[in-house]
Amino acid sequence: MTTPQEFHAMTGAYAVDALDDTERAAFEEHLTECPDCRAEVASLREAAALLAETTAIEPPAALRDRVLADITSVRPLPPEVPAPVVPLAERRRRRPRLLLAAAAAVVLVGAGAVVWQQPWDDSSTTQLTGAAAVLAASDARSTSLDFPSGASATVTHSDSLGEAVIVTKKMPAPPAGKVYQLWLDQPGVGMVSAGVMPVEEDQTVLLTGDAATATGAGITVEPEGGSDAPTSKPIALFDFGRSKA
Amino acid sequence: MDHRGPAETGAPSPEDGAPVGAPDLGDLLRRAGRGDEQAFARLYDLVAARAYGLAVRVVRDRAQAEEVTQEAFLEIWRTASRYDPDRGSALSWMLTITHRRAVDRVRSAEAATRRDLTYQHQNQSVDHDATAEAVQASLDAHRVRSAMAALTEVQREAVSLAYLGGYTHTEVATMLDLPVGTAKTRIRDGLIRLRDAMGVGS
Ligand SMILES: [Zn+2]
């Protein structure tokens, strides 16, 4: 597989979006545990941004009008609320500080602290009665992850309904022959499959399983058809904000 | 000509050696994250020429570049509160969003029609000059070009094809007749040299 040295050589290509989807996914996983690469990527992005200086073109005035009209109907996301992250996977449990450090690349939004208010694009949820019910539940709580690639995933769970929903935006397609599989972390049991995600950038998917007992949710990349148990490290973990005690 | 050009990047014009556009953008972004539409409009005025120019350079088609820019600014507005100054300048954060959207646009278009790499390769230098007419003359652009000129030819081409062309490192390797796997090293080396020459990102 890819060695750390090979990953370190990818910082430039990653900074200018020159990795393919599979490489990018692997590199972003590396980024979560490599502060050196994170720092280098940040500095190389600064360098790349300078190049935009040489290609600047004044956009048509109508574009400004459209953009400023657009934003009036879009609610800015709430800020990240720093919260203690209760890691789900055993590997991370032993290294909680690492996970916090990883937040520099993969932004963990305040665990369970954000109430979902459908800030944008409500069209994708209106027909999904099951999912819509969860999103609209009075006790709905959401945890979001933003990937450096621009993709985002939010898991909203309602204890009263015992269900959880994942909403993804701009998720890159999984590698060929692979799928994104959803998991619920059940106390004393571990990760229990909560279904496989359809391959679409923007998704609203109801997780199967009892979300009221689960302490969190996760996403892994699995072979087509899904697995009975995770066979790879999670690309995303969502803590439901329950005390482990 | 409009005065909202890259020459006026921030309230205090960029000092020599200062990161391009660094002043004020982070503050405007923070205010935008709190829903301040005026701050966002100002932010747009300061960055739009670079964002749109970058989108045009990558996707080529002006109408599509406008869409990309529009989508990017909407995302910037929506996610402004997630910008963390500890992780880089506001400018690079905004252009990263724009670039990613531009690249997504050309790559998804390519899924249907693969671009002819040979054609692009042959026309690459022409494209460079063609955009020059529209480029706003600025001291910063001049400094960046000088710094780029100090790269080796293969570094310069690799960086340009990747960032301004929107190609993957594998495509860049093919276009430059490099062994697969070495283009990403050239891109990295070139960006490091550019970074160090311009004194950014440290
Ligand atoms: Zn690394």
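As the structure is a prediction and not an experimental result, all values here were calculated from the model. (Residues numbered from 1 in each chain as written. Chains lettered and ligands numbered in written order. Predicted model: local features only at pLDDT ≥ 70, side-chain atom pairs only at ≥ 80, totals over all residues. Heavy atoms only, no water.)

Colleague: Please clarify how the pairing of strand E7 (residues 203–207) of chain A should be interpreted in this entry.
Modeller: Looking along a regular strand, one sees side chains alternate from face to face of the sheet. All names here are of chain A. Among the five residues in E7, four count as buried, and that is most of the element. Here five bridges tie strand E4 (residues 163–169) to E7, and the two strands are oriented antiparallel to one another. The residue of E7 that forms the bridge with Val-167 is Thr-204. (Buried < 20%, exposed > 50% of the residue type's maximum accessible area, 1.4 Å probe, protein only. Helix = DSSP H or I, 4+ residues; strand = E, 2+ residues; numbered from the N terminus. Pairing = 2+ DSSP bridges.)

Colleague: Is there a simple way to explain the interface of chain A and chain B in this structure?
Modeller: Interfaces are frequently sized by the accessible area removed from exposure as the parts join. Facing 57 residues of chain A, the contacting portion of chain B comprises 72 residues. One can count four salt bridges joining chain A with chain B. Residue Arg188(B) pairs with Glu40(A) through a salt bridge whose shortest N-O separation is 2.5 Å. Taken together, the links from chain A to chain B amount to 26 residue pairs in polar contact (both at pLDDT 80 or more). When residues of the side of chain A that touches chain B are traced back to their parent elements, those giving at least two are helix H1 (4–8), helix H2 (11–15), helix H3 (21–32), helix H4 (35–51) and helix H5 (61–71) of chain A. (Contact = heavy atoms within 4.5 Å. Salt bridge = Lys/Arg side-chain N within 4 Å of Asp/Glu carboxyl O. Polar contact = N/O pair within 3.5 Å; in protein donor to acceptor, adjacent residues only side chain to side chain.)

Colleague: Hey, could you run me through the packing of H4(A) against helix H9 (residues 183–198) of chain B in this one?
Modeller: Running from N to C, H4(A) and H9(B) point in directions that differ by 75 degrees, and their axes come no closer than 9 Å. By the criterion of interaxial angle, the relationship of H4(A) to H9(B) is roughly perpendicular. Residues Glu40(A), Ser43(A), Leu44(A), Ala47(A), Ala48(A), Leu50(A) and Leu51(A) of H4(A) lie in contact with H9(B), whose contacting residues are Arg188(B), Leu191(B), Ile192(B), Leu194(B), Arg195(B) and Met198(B). Among the residues making up the contact of H4(A) with H9(B), the classes are represented as nine nonpolar, one polar and three charged. (Axes fitted to C-alpha atoms, helices over the stretch in contact; angles between N-to-C directions. Parallel < 35°, antiparallel > 145°, perpendicular 65-115°, else oblique. Nonpolar A, V, L, I, M, F, W, Y, C, P; charged D, E, K, R; others polar.)

Colleague: Help me out: how do you make sense of the environment of Asp139(A) in this one?
Modeller: All names here are of chain A. As for its position among the elements, Asp-139 is in the loop between helix H8 (129–136) and strand E2 (141–146). Taking the relative accessible area as the measure of exposure, Asp-139 reaches 26% and is therefore partly exposed. Filtering out sequence-adjacent residues up to four positions away, Asp-139 remains in contact with His-157, Ser-158, Asp-159 and Ser-160.

Colleague: It is not clear to me how the coordination of the zinc ion should be interpreted in this structure. Could you clarify?
Modeller: Reference values for coordination geometry: four tetrahedral donors around a metal ideally subtend 109.5 degrees, six octahedral donors ideally subtend 90 or 180 degrees. Surrounding the zinc ion are the protein donor atoms His8(A) (ND1), His30(A) (NE2), Cys34(A) (SG) and Cys37(A) (SG), which sit 2.0 to 2.3 Å from the metal. Coordination at the zinc ion comes from four donor atoms whose angles at the metal span 85 to 130 degrees, giving a geometry best classed as tetrahedral. (Donors = N, O, S within 2.8 Å, 3.2 Å for Na, K, Ca; no water. Tetrahedral: all angles 85-135°; square planar, octahedral: opposite > 155°, others 65-115°.)

Colleague: What is the right way to look at the packing of aromatic side chains in this model?
Modeller: Working definition: an aromatic ring pair is given by the centre-to-centre distance plus the angle between the planes. Scanning the entire structure with this criterion turns up six aromatic pairs over all chains. Measuring from ring centre to ring centre gives 4.9 Å for Tyr14(A) and Phe27(A), while their planes differ by 40 degrees; the resulting arrangement is tilted. Placement of Tyr14(A) in helix H2 and of Phe27(A) in helix H3 is noted, with a sequence separation of 13 residues between them. Exposure remark for Tyr14(A): the relative accessible area of 3% places this residue in the buried category. Here Phe27(A) falls in the buried class, since its relative accessible area comes to 0%. Ring centres of Phe40(B) and Phe73(B) lie 6.1 Å apart, and the angle between their planes is 85 degrees; this geometry places the pair in the edge-to-face category. With Phe40(B) in helix H2 (residues 37–59) and Phe73(B) in helix H3 (residues 62–79), this pair connects stretches of sequence that are 33 residues apart. For Phe73(B), a relative accessible area of 1% gives the class buried. Through a chain of ring-to-ring contacts, three or more aromatic side chains come together here, namely Phe40(B), Tyr44(B), Phe73(B) and Trp77(B). (Phe/Tyr/Trp six-rings, centres within 6.5 Å; stacked < 30°, edge-to-face > 60°.)

Colleague: Looking at this structure, I do not really get the environment of Ala236(A). What am I missing?
Modeller: Residues and elements named next belong to chain A. Here Ala-236 is to be found in strand E9 (residues 236–239). On the basis of relative accessibility, which here comes to 3%, the residue Ala-236 falls in the buried class. Along the chain, Ala-236 and Leu-182 lie 54 residues apart, while their C-alpha atoms are 9.7 Å from each other. Excluding anything up to four places from it in sequence, Ala-236 contacts Leu-145, Phe-147, Ala-217, Gly-218 and Ile-219.

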